[in-house]
Amino acid sequence: MGGRQYNEEEKMSIQHRRPLGVCRQALLPALAVIALAWVGVANAQSAAQRAVDAAKKICSGKTITIVWEAGLQSLDPLNFSGPKWEQLTGCKVKVVEVPTAEMFTKIMQEYRAGTGAYDALNVIPAWMPDLVQAGALEMLDPYVDKYGYRSELQSIAPTYRDNQMTVNGKIYAFPDDGDVFVMYYRKDLFARDDLKKAFKARHGYDLAVPKTWKEFDDIGAFLTEALKKEGIYGASSFREPGYGNFMFQERFRNEGGKFFDANMKATINSPAGVKVFSDWVKENKFMPPGVEKFGFVENLATFLQGHAAMTISWPPYGRFAAGYLANEKALDWVPKSRIAGKVGYALPPGGHPELAAGFALSVASTSKQKEQAYLFIQWLNSEEISSQRVKLPYALRDPFRDSHFTDPAYMKLWPDAKEYLAALQAGSKTGLLDLSLIQTDKYEEALRQGISRLWAGEDPKRILDDIARQWDETTRRVGVEKQKAVYNAWAAKSGAYPK
Amino acid sequence: MTASQADLVLRAGARPGGGRHDRRFKYALVAPSIFVLLLIGVFPLVYLLVVSFQNITMTDMDKTFQGLLNYRLLVQDTRMWEALLHTVIFTAVALPIELLLGLAMAQLFIDRLPGRQVFIALLVLPVVVSPIVAGATWSLMFNTRFGPINQIIGWFAGEEVNILWTINPSLVYPAILAAEIWQWTPFMFLLLLAALSGVDKSQLEAAAIDGAGYWRSFFKLVLPAIWPVMAVAILIRGLDLFRLFDIVWALTKGGPGTMTETISIFAYVKGFQQFETSYTAAVALMIIVLLTVVVLLALKRVQLAR
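These numbers were taken from a predicted model, which means no experiment stands behind them. (Residues numbered from 1 in each chain as written. Chains lettered and ligands numbered in written order. Predicted model: local features only at pLDDT ≥ 70, side-chain atom pairs only at ≥ 80, totals over all residues.)

Asks: Tell me about the overall build of chain B, and name the residues and values.
Replies: When helices and strands are counted, chain B shows 13 helices and two strands. Against the compact-globule benchmark of 19 Å for 306 residues, chain B has a radius of gyration of 26 Å, which places it well outside the compact range. Taken along the three principal axes of its C-alpha coordinates, chain B extends 90 × 75 × 30 Å. Counting only residues that meet the buried cut, chain B has 29% of its 306 residues in that class. Taking the contacts inside chain B whose residues are at least 6 apart along the sequence as the reference set, 69% of them involve residues at least 24 apart. (Helix = DSSP H or I, 4+ residues; strand = E, 2+ residues; numbered from the N terminus. Rg over C-alpha atoms; globule rule 2.2 N^0.38 Å. Buried ≥ 20, exposed ≤ 12 C-beta atoms within 10 Å, placed from the backbone. Contact = placed C-beta atoms within 7 Å.)

Set out below in structure tokens:
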């Protein structure tokens, strides 16, 4: 805070000066000091409190509607943040639950209909170019400045802040979910002397958490061979096409792949892509039967029941595996963890995990209560409230602010929580963004279909050539130069490709 | 009121020179319903036609006239034609099986059997289940690792089996058809049971006395008697199958690749995931035209329009 400081002599001199002009001279600095002090007090007030105070004036007695992912995610506004916001401001929150796969469709449909049915939105950051280009999202910069939120946005972890908040330099959403893939492994199995000895004898290096996909394959195959009789496979993984899409994007780039060349021609069918697809098929042999259909729940059940030594998934796996609040009623459906205390956390092989999906909070451009909606999302996303929300056992919101990763209260939630948070933070620093272009879903759809064809037994190269052909066709239809500009902007981001 | 009474009433109400007035009054009475019908039936169709000549996409609300652009794309779109072919395959296979199974079950239950009512109630249950729920249930049934089907086969095989019902190209069609037939055969069964109940027993008895065998009685007496109901059932199910979406979506989402993608799934993906609005309008219009032609031909064939 600036402002001129006066010594005692100057003050006395000012007091004895006459006439009115001199008084004005004295008054102006005093007023400036008062104004600055007032701003200081205002800034000292948290962003959450500012949102509450403003909402009390303009939102009390009203209802805002927010789109939220159906299931556990929406228990946050239903059980925690919604009632709390109403209690603090008198403003009700109506939650519209939508399955992830339909969120984009619903948001776009509502935007096209223009009914103003949605006020605030949860959006997946990779959709933002499409939604912004269509005009569905409200630019948030004026509100951020009006309600003094810019400084608190700076404490969001850089990967999310720099890559999942803006489109063309303008703020359209607040990153609100630190989704990152983490490798979970069974510490107890990796520490077993008999396995360590046998592995070293066969492969010539120590049994340890794999840092490369070659090591992952060696260890996975070895552990399956050694432990299958005990009902344990070396690894399990997402293979269902919707999830496989994220896994492919991560691994392809860790293997050195680029999605497009300088002329915007798809290069997904490069040797890196073929290697990923070919390796996947080989790896399925040491994974549980039916892994080709494994999505979030199947993979979770396999790991929590102790049937897999390694897996890669989103952060909630770590909390569930640790048995964090396993008696929570909302988590009844989660198989009881048989591996609590036995799970270690690491970055997936290659060291650059996918920042898969994630959620950001936004305001619908068609909302009739934009300011009210904005205040709610500022409050949700604020340092104070978000630190409470990421600790909710059922809500699936993962740490995304620097302070979340070092939160002493979080570290006490279970014995290994500190290591867990460290893995999440490491992942946020080296993580890779989902591909985000105009009509992203068309590109992803071709990839998803390609993955399902892979499991049906088709040749990897042939599938990838076909995906590349479809990508080129989509690019041609969008406009090569137009898409190239969007891709180049995306590729220039810190999390686009491994540095 | 008999026809002659109604005629008398009408004549009594008629006034000299009042014909035109009456006609206007009648038109005024039916006008609101005609208006509503036009609003909900014809307007969307016209709007669809208009949109199909524009180029509205996710990012561009281009409402300028684009001529036959979308129709040209449609003709060249092999994925769309494949989806149409898959739909025809599903219809061509499932419809006769559902019909025959439904008829066989109806024949079985036409006789008085112990516990008949209970069995009928149980058999009809799949029809009351929402198709998407049926699809999700069958998806669990076919789950490779946790599904009961593989587990039961595994018990017989004496080892864990890994049959990829919804992935393996040679199994994916049978899997979808099994779910579809399971859900909708009871619909055929119900309609045909009702139709069979209406067959004149005395004619069957007379035929039996005259020495007609079972099949002869069936083809010469029963089938003609139940044909109007059967034709309607075939038409309803045929149209339903052409719109097949939920079960396929829940089981395979049209995969592997686009191997089981139906025309409805194709239209959904294009229209509501990728927001190719104008192109999807062209697809929808093509489906409407195609179905209208098929239905008209079918109606003419089964002579129901009379």
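There is more to say after this.
Asks: Break down the overall build of chain A for me, citing the residues and quoting the values.
Replies: The secondary structure content of chain A amounts to 24 helices and 12 strands. Computed over the C-alpha atoms, the radius of gyration of chain A is 26 Å, within 12% of the 23 Å expected from 2.2 N^0.38 for a compact globule of 499 residues. The principal-axis extent of the C-alpha atoms belonging to chain A is close to 95 × 55 × 45 Å. The burial tally for chain A puts 49% of its 499 residues in the buried class. Within chain A, residue pairs in contact and separated by at least 24 positions form 77% of the contacts whose partners lie at least 6 positions apart.

Asks: Tell me about the sheet that holds strand β9 (residues 343-346) of chain A, residues and numbers included.
Replies: Residue and element names in this part refer to chain A. One open sheet accounts for three strands, arranged β8-β7-β9; its pairing is antiparallel. Single-partner strands in this sheet number two, and they are β8 (310-313) and β9. Shown here is a sheet whose adjacent strand axes are inclined to one another by a mean of 25°, direction ignored. Relative to β9, strand β7 (residues 182-186) is paired through four bridges, and the arrangement is antiparallel. Within β9, the position partnered with Met183 by the bridge is Ala346. Where helix α21 (residues 417-430) meets the sheet, it contacts β7 and β9, and its direction lies at approximately 20° from that of β9. (Pairing = 2+ DSSP bridges. Axes fitted to C-alpha atoms, helices over the stretch in contact; angles between N-to-C directions.)

Asks: Got a sec to walk through the packing of helix α3 (residues 69-76) of chain B against helix α13 (residues 277-302) of chain B? Specific residues and values, please.
Replies: Residues and elements named next belong to chain B. Orientation of α3 relative to α13, taken along the N-to-C sense of each, is 70°, at an axis distance of 9 Å. Considered as vectors, α3 and α13 are oriented roughly perpendicular to each other. Viewed along their axes, α3 and α13 form a crossing whose handedness is right-handed. Taking contact as the criterion, the partners of Asn70, Tyr71, Leu73 and Leu74 in α3 are, on α13, Ser278, Tyr279, Ala282, Val283 and Met286. Residues that form the contact of α3 with α13 fall into these classes: seven nonpolar, two polar and no charged. (Parallel < 35°, antiparallel > 145°, perpendicular 65-115°, else oblique. Left-handed = near helix turned anticlockwise from the far one by under 90°. Nonpolar A, V, L, I, M, F, W, Y, C, P; charged D, E, K, R; others polar.)

Asks: Provide a residue-level description of the environment of A:Gln109, including the pertinent values.
Replies: Within the secondary structure, A:Gln109 is located in helix α5 (residues 100-113). Spatially, the C-alpha atom of A:Gln109 lies 21 Å from that of A:Ala357, the residues being 248 residues apart in sequence.

Asks: So what about the domain arrangement of chain A? Which residues, and what values?
Replies: When the parts of a complex come together, some accessible area is lost, and that lost area is often taken as the interface size. All names here are of chain A. Taken as a whole, chain A is organised into domain 1 (48-178 + 357-419) and domain 2 (182-239 + 287-352). Once you take the C-alpha centre of each, domain 1 and domain 2 turn out to be 32 Å apart. Facing 12 residues of domain 1, the contacting portion of domain 2 comprises 11 residues. Here the residues of the side of domain 1 that touches domain 2 are counted per class, giving eight nonpolar, one polar and three charged. (Domains from an automatic or database assignment.)

Asks: I'd like a rundown of the interface of chain B and chain A, residues and numbers included.
Replies: Listed as interface residues are 20 residues of chain B and, on the opposing side, 22 residues of chain A. With three residues, helix α12 (residues 263-273) of chain B is the single largest residue contributor to the side of chain B that touches chain A. Its residues placed into classes, the side of chain B that touches chain A shows eight nonpolar, 10 polar and two charged.

Asks: Give a detailed account of the environment of A:Phe222, specifying residues and quantitative values.
Replies: All names here are of chain A. Mapped onto the secondary structure, Phe222 falls in helix α12 (residues 213-227). Taking the C-alpha atoms as reference points, Phe222 and Phe238, 16 residues apart in sequence, are found 20 Å from one another. Excluding residues that lie within four positions of it along the chain, Phe222 makes contacts with Phe199, Arg202 and Gly234.

Asks: So what about the confidence of the model for chain B? Which residues, and what values?
Replies: All names here are of chain B. The pLDDT averaged across chain B works out to 89; a share of 93% of its residues lies at or above 70. Mean pLDDT across the elements of chain B ranges from a minimum in helix α1 (residues 3-13), with 50, to a maximum in helix α8 (residues 169-197), with 96. The ipTM assigned to the predicted complex is 0.76, against a pTM of 0.84. (pLDDT = per-residue confidence, 0-100.)

Asks: Which residues make up unusual backbone geometry, and what values go with them?
Replies: The amide bond that connects B:Gly255 to the next residue, B:Pro256, takes the cis arrangement and shows omega of 0°. Along the chain, B:Pro256 turns up in the loop between α11 (246-251) and α12. Positioned with a positive phi, A:Asn168 is a non-glycine residue whose angle comes to about 50°. Position of A:Asn168 among the secondary structure elements: in the loop between β4 (166-167) and β5 (170-171). In this structure, A:Gln439 takes a positive phi of about 60° despite not being glycine. Relative to the assigned elements, A:Gln439 resides in the loop between β12 (432-433) and α22 (440-455). For A:Gln439, a count of 23 C-beta atoms within 10 Å translates into the label buried.

Asks: Got a sec to walk through the domain arrangement of chain B? Specific residues and values, please.
Replies: For chain B, the assigned domains are domain 1 (3-41) and domain 2 (69-302). For domain 1 of chain B and domain 2 of chain B, the distance between their C-alpha centroids amounts to 43 Å.

Asks: With reference to specific residues and values, describe the nonpolar core.
Replies: Membership of the largest hydrophobic core comes to 175 residues, with the highest contact counts inside it found for A:Ala120, A:Tyr184 and A:Phe376. If one sorts the elements of this core by residue count, helix α17 (residues 370-381) of chain A sits on top with seven residues. The contacts of A:Tyr184, once residues within four sequence positions are left out, are A:Phe303, A:Met310, A:Thr311, A:Ser313, A:Tyr317, A:Gly318, A:Ala321, A:Val343 and A:Tyr345. Core analysis: the next-biggest nonpolar cluster, separate from the first, contains 15 residues, B:Leu103, B:Phe109, B:Met188 and B:Val222 among them. (Core = buried A, V, L, I, M, F, W, Y, C linked by C-beta atoms within 7 Å.)

Asks: If you had to explain the pairing of strand β1 (residues 63-69) of chain A to someone new, which residues and values would you point to?
Replies: Residues and elements named next belong to chain A. With respect to burial, β1 is a largely interior element, five of its seven residues being buried. In the sheet, β1 pairs with strand β2 (residues 92-98) via seven bridges, with the strands oriented parallel. Along β2, the bridge assignment pairs Ile66 with Val95. With helix α4 (residues 75-89) bridging β1 and the parallel β2, this β-α-β connection has right-handed handedness. (Right-handed = clockwise from strand over helix to strand, strands pointing away.)

Asks: How would you sum up the pairing of strand β11 (residues 360-363) of chain A? Please name residues and give values.
Replies: Residue and element names in this part refer to chain A. Here β11 shows no split at all, with Ala360 and Ser362 on one side and Leu361 and Val363 on the other all buried. Bridging between strand β3 (residues 120-123) and β11 involves four bridges; their strand directions are antiparallel. Bridging from a neighbouring strand, Val123 pairs with Ala360 of β11.

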